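# Structural characterization, general
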Amino acid sequence: MLKMENVSKTYRHRGQLVTALDKATVHIPRGDFVSVVGPSGSGKSTLLLMLGGMLSPSDGTVLLEDQSVYDMTLTERARLRREKVGFVFQTFNLVPYLSAQENVQIPLFLAKMNGSAQKERAASLLERVGLADRMHHKPCELSVGQQQRVALARMLANDPAVILADEPTGNLDPETSQQIIGFFQEFNEEGRTIVMVTHDPRAAKRATRILRLKDGAIANHDASEDACWAA
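Let me begin by describing the structure that accompanies this report. Keep in mind it's a predicted model, so treat the numbers as computed, not measured.

This brings us to the sheet that holds strand β2 (residues 16-28). Read across the open sheet, the four strands follow the order β2-β1-β4-β5; overall the sheet is antiparallel. The two strands at the open ends of the sheet, each matched to only one other strand, are β2 and β5 (67-68). The pairing of strand β1 (residues 2-13) with strand β4 (residues 59-64) spans five bridges and is classified as antiparallel. Bridge pairing links Glu5 to Thr61 in β4. Relative to the sheet, helix α1 (residues 44-51) contacts β1, β2 and β4, its axis offset from that of β1 by approximately 125°.

Shown next, in the form of structure tokens:
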């Protein structure tokens, strides 16, 4: 489903060469649920952005369903993201002046779905994440956990095969974090492939597989192993 083959990413910072990823190779089969852990600056977000077609590598190949992502044109890559990939971020990225329902409608509008169908699907997705009674509320009228659930509903709007999540529980209390990870497990049970960057050991252990990054290098770990990760 997702592959990185000998991928490196280097850039210059204040005149010095920085290696964010170093010859990273990882294969993520369809239906896998992978958590990515490691110290800050170890390359976790870089890996996620590359898998999602948002950051080109310096060397190596990134493939989604056997298509070389960075051999595509920008237009082709944008279409691939729109049709196959859903993103979830720590900061939610909700539009503050739109209601929850309108926020969920954004990708449907971009996909040129008709207005009534947009509203119906957005309402259904908000109901799924327990926000049927909050669909007309704006982000400032919702709790942090509710905002993240709106972001989950929006991510599901185009029915992505792949979900890429960057610290999806980073701003949440422990109870709400476990609720959000429960949603991810449901999405995975439906057949979606999930890659989740996290600093939270409890969240990481609910994946089926753990990848640990250190200094841009990848090592495999089983989700049942006990481990401690630097925050």
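Grouped together as the largest cluster of nonpolar side chains are 34 residues, with contacts concentrated most on Leu126, Val150, Leu152, Phe184 and Phe187. Those elements that place two or more of their residues in this core are α3 (100-110), α4 (115-128), α5 (144-156), β7 (162-166), α6 (174-189) and β8 (193-197). For this core, the leading source of residues is α5, giving six residues. Apart from the residues lying within four places of it in its own chain, the contact partners of Leu152 are Val88, Ile180, Phe183, Phe184 and Phe187. Counting 27 residues, the second largest nonpolar core, distinct from the first, contains Leu2, Leu21, Met72 and Val85.

Looking now at the pattern of salt bridges. Should their charged atoms come close, side chains of opposite charge can pair. As enumerated under the stated definition, the model contains nine salt bridges in all. The salt bridge partner of Glu65 is Arg30, with a shortest N-O separation of 3.3 Å. Pair noted here: Glu65 is in the loop between β4 and β5 and Arg30 is in the loop between β2 and β3 (33-37), with a separation of 35 residues, a long-range link. Take Glu65: its relative accessible area is 25%, and that puts it in the partly exposed class. Among the salt bridges present, the one from Glu190 reaches Arg128, with a minimum N-O distance of 2.4 Å. Of this pair, Glu190 sits in the loop between α6 and β8 while Arg128 sits in helix α4, and the two are 62 residues apart along the sequence. One connected set of salt bridges, linked through shared partners, spans Arg128, Asp159, Glu186, Glu190 and Arg192.

Over its 14 residues, α4 runs 20 Å from end to end, which matches the ideal 20 Å to within 8%, given 1.5 Å per residue. Among all positions in α4, only Gln118, Ala122, Ala123, Leu125 and Leu126 are buried. One side of α4 holds all its buried residues, which, seen down the axis, span an arc of 165°. Set apart from the buried face of α4 by more than 90 degrees, the exposed residues are Ser116, Glu120 and Glu127. Looking at the packing, one finds that the buried side of α4 touches α3 and α5.

Each value, and the rule that gives it
Within every chain, residues take consecutive numbers counted from 1 along the sequence as written. pLDDT decides what is reported in this predicted model: residues at 70 or higher carry local features, side-chain atom pairs at 80 or more are listed and counted, and totals for whole chains, interfaces and linings draw on all residues regardless. The basis for the side-chain values is all heavy atoms of the structure; hydrogens and waters are excluded. Strand pairing follows a simple DSSP-based rule, namely that at least 2 bridges must link the two strands. The numbering of helices and of strands both runs from the N terminus, where a helix is a DSSP run of H or I of at least 4 residues and a strand a run of E of at least 2. Contact between two residues is taken to exist if any of their heavy atoms lie within 4.5 Å; hydrogens are not considered. Orientation is described by axes fitted as lines to C-alpha atoms, over the contacting stretch for helices, and by angles from 0 to 180 degrees between their N-to-C directions. In these notes, a set of buried Ala, Val, Leu, Ile, Met, Phe, Trp, Tyr and Cys residues joined through side-chain atoms within 4.5 Å is what counts as a nonpolar core. Here the term buried applies to any residue with accessible area under 20% of the maximum for its type, exposed to any over 50%, and partly exposed to those in between, with areas from a 1.4 Å probe on protein chains only. When a carboxyl oxygen of Asp or Glu is within 4 Å of a side-chain nitrogen of Lys or Arg, the pair counts as a salt bridge. The span you would expect from a helix comes to 1.5 Å times its residue count less one. For this quantity, the arc is that covered by the directions from the helix axis to the C-beta atoms.

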